[in-house]
Amino acid sequence: MDHMFNKKSETLPRRSIREMQGKLLKKTVKTVYKQVPFYKMKCKELGVTPDDIKTWEDVRKLPFTTKNDLRENMPFGMLAAPLEKCVELHASSGTTGIPITACYTQNDLDVWSEVMARCLSMSGLTKEDIFQNPIPYGTFTGAFGFHYGAQKVGALVIPSGKGQSERQIKLMEYYGTTFMSGVASYAIRLGQVAMEQGIDPKKLKVRNGLFGAEMFTPGLKKRIMDTWDMDVHDIYGLTEMCGPGVSTDCDEHDGLHLWEDHFLVECIDPKTLEPVDVEEEGELVISTLSKTGMPLLRYRTRDLARLYDQEVCNCGRTHVRHSMIKGRSDDMIILRGTNIYPGQIESVLMKHESVGGNWRMILSTVNSLDMLTVELESKRQLSQIETMDLEERLKSEIQSVLVFTPRIEVLPPNTIPETGLKAQRVIDKRERD
Ligand code: DLL
């Protein structure tokens, strides 16, 4: 059963949430207008001043912020507080160019711990839990966010870091870990490593897990639940906002509650930049309402999701829910004129009991034509006949989704190389003109 860490805030009447958002937004705009040259310039271009912001709906008068805007002002140009007020720095993994750097004031760390404590409690964490945190401690926000939040709940935190998977399993066995955090694909990897060591993950004491940081279909979620015999919750967040802690799904498992007393979310059509209708898919755009280190206005996350109608959820929380993240708008691949999201492939793969959790798509050019090869690990070593049978079935099922036939390669367990923090689902080797 989930538990509310901060019942008063989590069940605020909607009207109070909206009033609060209006006030906090106005305060944030006032600060960035004064302290951040980038925002002063952008607001002037649009002819908007802090006095124009009266209610939450006035957010639409404000300028957007893109990842590129951040890059151009990195590392410290977007700060609204002087560096001497900042006490911690985090940065995104920066696979493409300049890392996005965020500096936190003590206030920001307090807010982060609070929203993480809410997310963790919502996923079942209590002070009786032994909480293992198999995420690298470093500039990536993951480990510290979970660490601060779990301590705030009062759980016993094992800061095990990432890597050394055999050791992670030993720690779980030795200390009797009951709750695990992490990057979704790593939970699968750990399960396999346990089995290779002759330990059935189900026999360990881990009963709850909170995972995120990457695309994570219901199929993969179920796979983790079955492997570990645990309940799994999904947590969303990004370095620009705080790191993990923006939203999580409650026990209803019907959307992720986004903490509206700290974040103001919109859902827009990435082409027209206009709001989409309720329940319609669009890009999440988020403004921070309580940050003092690097507050952001209308940050374009590039993450695609749907915002649900704002009725009260059965769990009692009043904060808006969004669907799981379908993927990033820049994850979409165009292959022979067809738009593909990696999630579509994952959904097909995870329906098959004999498919393991690790997989990737390799795009190549053969005779001037785009080619898709889906590489996947089987859960256990398969015979030649079983392999051929699985390949044939996957070929036709994926073809019915994509309209053309991919090549399928079934590999033995644990053969797809680890790619660092997050799984790399797409490898594009296509020749460009
Ligand atoms: O990944 C923060 C985080 C750490 C979230 C641990 C959850 C757990 P970044 O490295 O800045 O921060 O990457 C943020 O990851 O814009 C999404 O595209 C993706 N992402 C994060 N959580 C989810 C999720 C962390 N639950 C980017 N589902 C975001 C799908 C997610 N994608």
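Just so it is clear, the model here is predicted, and its values are computed rather than measured.

1. Section: the side chain of Ser9
Looking at the element boundaries, Ser9 is found in helix α1 (residues 7-10). Ser9 sits in the buried class, given a relative accessible area of 15%.

2. Examining the site of the ligand
The local shell around the ligand holds 19 residues, among which Asp234, Ile235, Thr239, Asp303 and Lys422 are the closest. With respect to the ligand, the backbone of Ala213 contributes an N or O atom lying 3.0 Å from a nitrogen atom. Summarising the interface, the protein chains cover 94% of the accessible area of the ligand, which totals 610 Å² for the free molecule. For the shell around the ligand, the secondary-structure elements that each account for two or more residues are α6 (141-153) and β7 (231-238). Broken down by element, the shell around the ligand gets its largest block of residues, five residues, from β7. Taken together, the residues that form the shell around the ligand break down as nine nonpolar, five polar and five charged.

3. Digging into the layout of surface pockets
Roughly 390 Å³ of internal volume is contained in the second largest pocket. If you trace the second largest pocket, you find 17 residues lining it, with Trp56, Val265, Glu266, Cys267 and Pro275 closest to the centre. A per-element tally of the lining of the second largest pocket places strand β10 (residues 263-268) first, with four residues.

4. Quick word on the packing of helix α8 (residues 184-196) against helix α9 (residues 218-228)
Pairs of packed helices are described in terms of their axes, by the angle between the two and the distance that separates them. One can describe the packing of α8 onto α9 by two numbers: an axis separation of 10 Å at closest approach and a directional angle of 30°. By the angle class used here, α8 and α9 are roughly parallel. Here α8 runs over α9; the crossing is left-handed. Packed against α8, whose contacting residues are Ala184, Ala187, Ile188, Leu190, Gly191 and Met195, the element α9 presents Leu220, Arg223, Ile224, Thr227 and Trp228 at the interface.

5. Observations regarding the sheet that holds strand β19 (residues 407-411)
Spatial strand order, β19-β18-β17-β20: four strands in an open sheet with mixed pairing. If you trace the sheet from one side to the other, it starts and ends with β19 and β20 (426-428), each paired once. For this sheet, the mean inter-axis angle between neighbouring strands, taken without regard to orientation, is 20°. Examined bridge by bridge, strand β17 (residues 355-366) and β20 share three bridges and lie parallel to one another. Paired with Met361 across the two strands is Val426, which belongs to β20. Docked against the sheet, α8 engages β17 and β18 (369-378), running at close to 120° with respect to β17. Across the face of the sheet, helix α10 (residues 342-349) comes into contact with β17, β18 and β20 while running at roughly 135° to β17.

Reading the values: the criteria
Residues numbered from 1 in each chain as written. Predicted model: local features only at pLDDT ≥ 70, side-chain atom pairs only at ≥ 80, totals over all residues. Heavy atoms only, no water. Helix = DSSP H or I, 4+ residues; strand = E, 2+ residues; numbered from the N terminus. Buried < 20%, exposed > 50% of the residue type's maximum accessible area, 1.4 Å probe, protein only. Near = heavy atom within 4 Å. Polar contact = N/O pair within 3.5 Å; in protein donor to acceptor, adjacent residues only side chain to side chain. Areas by Shrake-Rupley, 256 points an atom, 1.4 Å probe, with all protein chains shown as cover. Nonpolar A, V, L, I, M, F, W, Y, C, P; charged D, E, K, R; others polar. 1 Å grid on protein atoms, 1.4 Å probe; cavity = no way out; pocket = protein on both sides within 12 Å on 5 of 7 lines; lining within 4 Å. Points joined across faces, edges and corners; volume = space filled by probe spheres on them. Axes fitted to C-alpha atoms, helices over the stretch in contact; angles between N-to-C directions. Parallel < 35°, antiparallel > 145°, perpendicular 65-115°, else oblique. Left-handed = near helix turned anticlockwise from the far one by under 90°. Contact = heavy atoms within 4.5 Å. Pairing = 2+ DSSP bridges.

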